[in-house]
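Spelled out from the first residue to the last, the chains are:
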Amino acid sequence: FRSISKTTYANPVNSGIAGWYDRYPRIPYGRATSYTEKHFDKFKKSYPYLQHLAKAFAELLPWRYGNQKRASEKIDQRFLVPDTPFSTITVNRNFRTAAHYDPANMDDGFANICVFSNSDKYRGAYLVFPEIGYAVNIRPGDLLFVNNMAGLHGNTELILDDPNAERISIIAFFHEGMLTLGSMEYENARRKYVDWCRMNVNHPYYNHVSMASGQECGKVKSGMTSAKKKLVVKSFLKCTPKRMRLH
């Protein structure tokens, strides 16, 4: 089952990931997240703030910080926000998360959570831990340290008393899977190989064209109707080997 992707699908939400991420079946190489890769200059502007979080982490919870720092020192430092033990950042805008665990985060470290807002005219969005009966009202200026791997957690409803109000939460953490990565050069080499296999029309697993019929297989084009897209997906599944669909 190691080859089965853990990717989940849901409705679009105002949530994204910055920083760096480890391998998983569908993308078997370490890499910068899509946002970081496309907007690296913008992402770098967050470094001073994230470094400030790391300093507070070290001062307030030195044991947990030390665990996370030692783990982060084992990987290529280019996969980290400089001078921090953070590999990955989650950003949520006016978003209520469902109850969940974060099993990929480092168990011996702590996630750092803070909130920004352009207004105090909102209510709710408490971070709730139902298993222990606690809820935290994180407001701008607060910093919460939490083991979000071990505890079930989610948000209460966010109520905007001002329609223009924004509540943005930042979660900075160390993704434990980063410990499985090689150097950045090695991960980039893996990526080049995967891209070469994916684009090589002579590769036995190339699926863009159905070898049986010579027709395009699974290619969705702009301007297609929803019904047409569904037919294309069915065509893709029909001409894609089952073991390739697992990836």
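Predicted model only: the values in this text are computed from it and were never measured.

**Q** In this structure, what is going on with helix α4 (residues 62-72)? I would like to understand it.
**A** One turn of an α-helix holds 3.6 residues; hence residues three or four places apart share an orientation. Of all the residues in α4, the buried ones are Arg64, Tyr65, Gly66, Asn67, Gln68, Ala71 and Ser72. The inward-facing, buried residues of α4 contact α3 (47-60) and β11 (167-173).

**Q** What is the right way to look at the side chain of His153 in this model?
**A** Mapped onto the elements, His153 comes out in the loop between β8 (144-146) and β9 (154-155). Of the polar contacts made by the side chain of His153, one reaches the side chain of Asp102; its length is 2.9 Å. A distance of 2.8 Å separates a polar atom in the side chain of His153 from the backbone oxygen of Gly151. Beyond its immediate chain neighbours, meaning those up to four positions away, His153 contacts Ala98, Ala99, His100, Tyr101, Asp102, Leu127, Val128, Phe129, Pro130 and Asn148.

**Q** Help me understand the packing of aromatic side chains in this model?
**A** Describing an aromatic ring pair means giving the distance of the ring centres and the angle of the ring planes. Tallied over the full model, the rule gives six aromatic pairs. Considering the side-chain rings of Phe57 and Phe145, the 5.3 Å spacing of their centres and the 20° angle between planes classify their relative orientation as stacked. With Phe57 in helix α3 and Phe145 in strand β8, this pair connects stretches of sequence that are 88 residues apart. Considered together, Phe57 and Phe145 belong to a single accessibility category, that of buried residues. On the basis of an interplanar angle of 25° and a centroid distance of 6.1 Å, the ring pair of Tyr193 and Trp196 is categorised as stacked.

**Q** Would you mind showing me how to read the pairing of strand β4 (residues 111-117) here?
**A** Side-chain positions along a regular strand alternate between the two faces of the sheet. Within β4, five of the seven residues are buried, leaving the element largely enclosed by the surrounding structure. Summarising the sheet, β4 and β11 pair through six bridges and their orientation is antiparallel. Residue pairing for β11: Ser117 is matched across the bridge by Arg167.

**Q** Help me understand the packing of α3 against α4 in this model?
**A** If you want to describe how two helices pack, look at the angle between their axes and the distance between the axes. At a minimum axis distance of 5 Å, the contact between α3 and α4 shows a crossing angle of 125°. Judged on the interaxial angle alone, α4 and α3 are oblique. Across the interface between the two elements, Ala54, Phe57, Ala58, Glu59 and Leu60 of α3 pack against Pro62, Arg64, Tyr65 and Gln68 of α4. Considering only residue class, the contact of α3 with α4 consists of six nonpolar, one polar and two charged.

**Q** Quick question: what am I supposed to make of the confidence of the model for the protein chain here?
**A** In regions of low pLDDT, the predicted coordinates are not meant to be interpreted in detail. Scored by pLDDT, the protein chain has a mean of 83; 77% of the residues are at 70 or more. Segment residues 209-218 is flagged for pLDDT under 50; beyond a separation of four residues in sequence, or across chains, it makes 19 contacts in the model.

**Q** Can you walk me through the pattern of salt bridges in this structure?
**A** Here the idea is simple: oppositely charged side chains can pair when their charged atoms come close. Summed over the entire model, instances satisfying the criterion amount to eight salt bridges. With a closest N to O distance of 2.8 Å, Asp76 and Arg78 form a salt bridge. Given the relative accessible area of 16%, Asp76 is considered buried. Arg78 gets classed as partly exposed once you look at its relative accessible area, which sits at 40%. The partner of Asp195 in a salt bridge is Arg198, with the nearest N and O atoms 3.4 Å apart. Placement of both Asp195 and Arg198 in helix α5 (residues 184-199) is noted, with a separation of three residues, approximately one turn of the helix.

**Q** Is there a simple way to explain the sheet that holds β8 in this structure?
**A** In any sheet, the strands associate via hydrogen bonds between backbone groups, in a parallel or an antiparallel arrangement. With antiparallel pairing, the six strands of this open sheet are ordered in space as β2-β1-β3-β11-β4-β8. Looking at which strands have only one partner, the edges of the open sheet turn out to be β2 (31-32) and β8. Here strand β1 (residues 15-21) pairs with β2 via two bridges, running antiparallel. Bridged to Trp20 within β2 is Ala32. Packed on one face of the sheet, α3 meets β1, β3 (88-93), β4, β8 and β11 and runs near 130° to β4.

**Q** Hey, could you run me through the sheet that holds strand β7 (residues 134-136) in this one?
**A** Ordered in space as β7-β6-β9, the three strands form an open sheet in which the pairing is antiparallel. Whereas interior strands pair on both sides, the edge strands pair on one side only; in this sheet they are β7 and β9. Across two bridges, strand β6 (residues 127-129) lies against β9 in antiparallel orientation. Along β9, the bridge assignment pairs Leu127 with Asn155.

**Q** Which parts of the structure should I look at to understand the pairing of β11?
**A** With six of its seven residues buried, β11 lies for the most part within the structure. Note that β3 and β11 share six bridges and pair antiparallel. Across the sheet, Asn92 pairs through a bridge with Ser169, a residue of β11.

Conventions used here
Residues numbered from 1 in each chain as written. Predicted model: local features only at pLDDT ≥ 70, side-chain atom pairs only at ≥ 80, totals over all residues. Heavy atoms only, no water. Buried < 20%, exposed > 50% of the residue type's maximum accessible area, 1.4 Å probe, protein only. Helix = DSSP H or I, 4+ residues; strand = E, 2+ residues; numbered from the N terminus. Contact = heavy atoms within 4.5 Å. Polar contact = N/O pair within 3.5 Å; in protein donor to acceptor, adjacent residues only side chain to side chain. Phe/Tyr/Trp six-rings, centres within 6.5 Å; stacked < 30°, edge-to-face > 60°. Pairing = 2+ DSSP bridges. Axes fitted to C-alpha atoms, helices over the stretch in contact; angles between N-to-C directions. Parallel < 35°, antiparallel > 145°, perpendicular 65-115°, else oblique. Nonpolar A, V, L, I, M, F, W, Y, C, P; charged D, E, K, R; others polar. pLDDT = per-residue confidence, 0-100. Salt bridge = Lys/Arg side-chain N within 4 Å of Asp/Glu carboxyl O.

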